[in-house]
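A structural walkthrough
Below, each chain spelled out in residue letters.
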Amino acid sequence: MSDESDIPTLTDLIESGVEIKISDLGLDEELEIRLDDPDIDATEIELTEPDLGAIDPFRDNPALEQTIRRILDEHLELAWQEIKLAIQRDLNKP
């Protein structure tokens, strides 16, 4: 993986165009999945139904759920601000 200071932000990716490459995300090209890779056809992914009897970590811990929701809300708000800035910059282009 590239240096953490070289990881792009959402606006960097938006400004780079429609197609996003693995290297645009700050990842190594060797991790890229190639469609012509013969191993792809041999790969099987088992899809199973979710275990509805699994332990719900929020059932007895509403404070944890509230903290996680707050974190998600903050990230959503920051992403929305970046999206609005990118749109505004695009509209202001000559």
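Bear in mind that the values here come from a model prediction, so they are computed numbers and not experimental data.

**A look at the pattern of salt bridges**
The final tally for this structure, using the stated rule, is three salt bridges. A salt bridge links glutamate 65 to arginine 69, with the nearest nitrogen and oxygen atoms 3.0 Å apart. You can see glutamate 65 and its partner arginine 69 sitting in helix α3 (residues 62-91), four residues apart, about one turn around the helix. Close ionic contact of glutamate 74 with arginine 70 constitutes a salt bridge, the shortest N to O distance being 2.9 Å. Residue glutamate 74 and its partner arginine 70 are located together in helix α3, separated by four residues, close to a single helical turn.

**Some words on the confidence of the model for the protein**
Residue-level pLDDT values for the protein average 76, and 52% of them are 70 or greater. Averaged pLDDT values over the elements of the protein bottom out at 64 in helix α2 (residues 38-42) and peak at 92 in α3.

Analysis parameters
- Residues numbered from 1 in each chain as written.
- Predicted model: local features only at pLDDT ≥ 70, side-chain atom pairs only at ≥ 80, totals over all residues.
- Heavy atoms only, no water.
- Salt bridge = Lys/Arg side-chain N within 4 Å of Asp/Glu carboxyl O.
- Helix = DSSP H or I, 4+ residues; strand = E, 2+ residues; numbered from the N terminus.
- pLDDT = per-residue confidence, 0-100.

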